[in-house]
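Okay, here's what each chain looks like letter by letter:
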Amino acid sequence: MSKTPQASRVARLRRQLSQRDVAVLASLHRVRLLSLDQLRRLAVTDGSPRARTRRAQLMMQRLHGLGLVVRFSRIIGGVRGGSSGYIYGLSGLGQAVIDADGPLGGRRRRVWESKPYFQDHMLAVSELYVQLVERHREGSTELLAFDAEPASWRHHTGPGGELVMLRPDAYVRLGTAAVEYSAFIEVDLSTETLPTIQKKSQRYVDYWRSGMEQRWRGVFPKVVWLVETERRRERIAGVIGKLAVEAQALFDVGLLASGVALLDGGKQGGVA
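So, here is what we can say about the structure in this document. (Residues numbered from 1 in each chain as written. Predicted model: local features only at pLDDT ≥ 70, side-chain atom pairs only at ≥ 80, totals over all residues. Heavy atoms only, no water.)

**Brief notes about the sheet that holds strand E12 (residues 251–255)**
1) Next: Here 5 strands make up an open sheet; going across it, the order is E6-E9-E10-E11-E12 and the pairing mixed. Taken across any chain shown, the strands that pair with only one partner, and hence form the sheet edges, are strand E6 (142–148) and E12. Ignoring strand direction, the axes of neighbouring strands in this sheet form an average angle of 25°.
2) Next: Bridge count between strand E10 (residues 179–187) and strand E11 (residues 222–227): 5 bridges; the pairing is parallel. Bridged to Phe184 within E11 is Val223. (Pairing = 2+ DSSP bridges. Helix = DSSP H or I, 4+ residues; strand = E, 2+ residues; numbered from the N terminus. Axes fitted to C-alpha atoms, helices over the stretch in contact; angles between N-to-C directions.)

Okay, structure coming up:
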């Protein structure tokens, strides 16, 4: 049976891609959005800073020209950032080329032009991923898994038999020597009310009590809230402090700027 035009195009594009191209597309599939700087740090690791940036620009121009990525102009302080400020997502064709409906996981939502807050939130999650990859390369910590939305999502049956969804921003699993650490990540940019934070936190407590994650993974990951300011950290810590005493150990609250250090410090050992 002859291939359809779309299948032939996908096969032709696959032959044009280098291993680095495929790795870039896979990273976009994993975290949905990446800035040019983040892509440079992931994919172009040799040469001067200026040379690395230029090579990253050329690489992404090529992938955009092939129709494999979508490109948005980064908005910084109300001003679009120009070519160096582009952020990138995986196109529908890009998903097909890396077989995103097959070995690399389930179908992902397409990334379209979105509000700056939504971009900022996704890029904050992406930055955590990039920093963990950098730590992995240094050899200090092994990055065993990083699942962003929706691969990080979990579900369980509520007390009334209803389906309850848990939507962490990411699930992280790290290894140090013979020890593994895992965490659900919640990136908070101070846009949600404290009652909403309380409801989200209680959902994690309910999921912990269901025992589903423990049966699947053997341990319940720490739930790590990462925030921008010390004042916000204190407020969310106050919310956690109002939960049942035995549930408070499920949570850590830290600053986004030091999130990787918090995770890398081995404090996210999980709870039985």
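**Quick notes on the sheet that holds strand E1 (residues 34–35)**
1) Next: Taking strand neighbours across the sheet as the criterion, the 3 strands line up as E1-E5-E2 in an open arrangement whose pairing is antiparallel. Of all strands in the sheet, those with a lone pairing partner are E1 and strand E2 (69–73), marking the two edges.
2) Next: Relative to E2, helix H4 (residues 49–65) is tilted by about 120°, and along the sheet it contacts E2 and strand E5 (86–90). (Contact = heavy atoms within 4.5 Å.)

**A closer look at the side chain of Ser91**
1) Next: With respect to the secondary-structure elements, Ser91 resides in the loop between E5 and helix H5 (92–97).
2) Next: At 3.0 Å, the side chain of Ser91 and the backbone oxygen of Leu68 are in polar contact.
3) Next: Discounting residues that sit within four places of it in the chain, Ser91 has contacts with Gly67, Leu68, Val69 and Val70. (Polar contact = N/O pair within 3.5 Å; in protein donor to acceptor, adjacent residues only side chain to side chain.)

**Observations regarding the packing of helix H3 (residues 36–43) against helix H6 (residues 116–138)**
1) Next: Their axes nearest at 10 Å, the elements H3 and H6 cross at an angle of 20°. Classed by the angle they form, the pair H3 and H6 counts as roughly parallel. The way H3 lies across H6 gives a crossing that is left-handed. Where H3 approaches H6, its residues Gln38, Arg41, Leu42 and Ala43 are matched on the opposing element by Leu123, Ser126, Glu127, Tyr129, Val130, Gln131, Val133, Glu134 and Arg137. (Parallel < 35°, antiparallel > 145°, perpendicular 65-115°, else oblique. Left-handed = near helix turned anticlockwise from the far one by under 90°.)

**Focus on the packing of aromatic side chains**
1) Next: For the structure shown, the criterion picks out 6 aromatic pairs.
2) Next: Between Tyr129 and Phe146 the ring centres are 5.0 Å apart and the planes differ by 50°, which places this aromatic pair in the tilted class. Placement of the pair is Tyr129 in helix H6 and Phe146 in strand E6, with a sequence separation of 17 residues. One exposure class covers both Tyr129 and Phe146, and it is buried.
3) Next: Geometrically, the ring pair formed by Phe184 and Phe220 is edge-to-face, given 5.8 Å between the ring centres and 70° between the ring planes. Note that Phe184 is positioned in strand E10 and Phe220 in the loop between helix H8 (212–217) and E11, a separation of 36 residues in sequence.
4) Next: What makes Phe184 buried here is its relative accessible area of 0%.
5) Next: Under the relative-accessibility criterion, Phe220 is labelled buried at 0%.
6) Next: One aromatic cluster in this structure is built from Tyr171, Phe184, Tyr204, Tyr207 and Phe220.
7) Next: Lying over the aromatic face of Trp153, Arg167 brings its terminal NZ or CZ to 4.9 Å of the ring centre.
8) Next: In this structure, Arg217 is placed above the aromatic ring of Trp216, and the distance from its NZ or CZ to the ring centre is 4.2 Å. (Phe/Tyr/Trp six-rings, centres within 6.5 Å; stacked < 30°, edge-to-face > 60°. Buried < 20%, exposed > 50% of the residue type's maximum accessible area, 1.4 Å probe, protein only. Lys NZ or Arg CZ within 6 Å of the ring centre and 35° of its normal.)

Nothing here speaks to function; it is all geometry.
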